[in-house]
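Spelled out, the chains give:
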Amino acid sequence: MRESRKILTDTTIVKIMKKQQSSKLRPLIENVKKSLAYMWNASGQELSKRVEDLIERDYLERDDDDQTLLLYVA
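This is a predicted model, so every value here is computed, not measured.

S.K.: Tell me about the overall build of the chain, and name the residues and values.
M.R.: What the chain contains, in helices and strands, is three helices and three strands. Reading the chain from its N end, one meets helices and strands in the order α-β-α-α-β-β. Relative to the 2.2 N^0.38 estimate, which gives 11 Å for 74 residues, the radius of gyration of the chain is 11 Å and therefore close to what a compact globule would have. Expressed as lengths along the three principal axes of its C-alpha atoms, the size of the chain is roughly 35 × 20 × 20 Å. Expressed as a percentage of the 74 residues in the chain, the buried residues total 35%. Within the chain, contacts between residues separated by at least 24 positions form 49% of all contacts whose residues are at least 6 apart in sequence. Here the chain holds 14 positive side-chain charges and 13 negative ones, and the gap between their average locations is 10 Å.

Encoded structure:
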């Protein structure tokens, strides 16, 4: 994935999560795919990697009780 796509993907994920505050991974990926569909067809695997990177960079975190739930870090 080119650097510009990474940045746009990260921005889209953070915008969606900021609005929703929490989401399961699959619905989040589907929302991001829909948002980016006008530019390119992003794969679920690529988006999952971007989500993991955002977790490592402390933009998102996993819920303590439900590890499948992602939370936006304010």
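Now, onward.
S.K.: Run through the nonpolar core, naming residues and quoting values.
M.R.: Counting 17 residues, the largest nonpolar core has Ile 13, Met 17, Leu 28, Val 32, Val 51 and Leu 60 as the members making the most contacts within it. If you list the elements that add at least two residues to this core, you get α1 (3-20), α2 (25-36), α3 (44-56) and β3 (69-72).

S.K.: Any chance you could break down the pairing of β3 for me, citing the residues and the numbers?
M.R.: Where strand β1 (residues 22-24) meets β3, three bridges bridge the pair, whose relative direction is antiparallel. The residue of β3 that forms the bridge with Ser 22 is Leu 71. Here three bridges tie strand β2 (residues 60-62) to β3, and the two strands are oriented antiparallel to one another. By the bridge assignment, Glu 61 is partnered in β3 with Leu 71. Between β2 and β3, which pair antiparallel in sequence order, lie six residues.

S.K.: Tell me what's going on with a negative patch on the surface, and back it up with residues and numbers.
M.R.: Together, Asp 58, Glu 61, Asp 64 and Asp 65 make up a negatively charged patch on the protein surface. You can see Asp 65 is positioned in the loop between β2 and β3.

Rules used in this analysis
- Every chain is numbered on its own, with residues counted from 1 as its sequence reads.
- At least 70 in pLDDT is required for a residue's local features to be given in this predicted model, at least 80 for side-chain atom pairs to be given and counted, and no such filter applies to totals for whole chains, interfaces and linings, which use all residues.
- With hydrogens and water excluded, all non-hydrogen atoms of the structure serve as input to the side-chain values.
- A run of H or I in DSSP counts as a helix once it spans at least four residues, and a run of E counts as a strand once it spans at least two, with each numbered from the N terminus.
- The reference for a compact globule is 2.2 Å times residues^0.38; the radius of gyration itself is calculated from the C-alpha atoms.
- Here the term buried applies to any residue with accessible area under 20% of the maximum for its type, exposed to any over 50%, and partly exposed to those in between, with areas from a 1.4 Å probe on protein chains only.
- Only heavy atoms matter for contacts: two residues are in contact if any of them lie within 4.5 Å across the pair.
- As used throughout, the charge tally considers Lys and Arg to be positive and Asp and Glu to be negative, leaving His and the chain termini uncounted.
- Taken as the charge location is NZ of Lys, CZ of Arg, CG of Asp or CD of Glu.
- The nonpolar core is taken to be a set of buried Ala, Val, Leu, Ile, Met, Phe, Trp, Tyr and Cys residues, with the residues joined through side-chain atoms within 4.5 Å.
- Pairing between strands requires that DSSP locate at least two bridges from one strand to the other.
- The residues that make up patches have over 30% relative accessible area and no salt bridge, and they are joined within 9 Å when like-charged or within 5 Å when they are Val, Leu, Ile, Met, Phe, Trp or Tyr.
- Reported accessibility uses the Shrake-Rupley method at a 1.4 Å probe radius. Residues are deemed covered only where the shown protein chains occlude them.
- A carboxyl oxygen of Asp or Glu within 4 Å of a side-chain nitrogen of Lys or Arg is what we treat as a salt bridge.

Nothing here speaks to function; it is all geometry.
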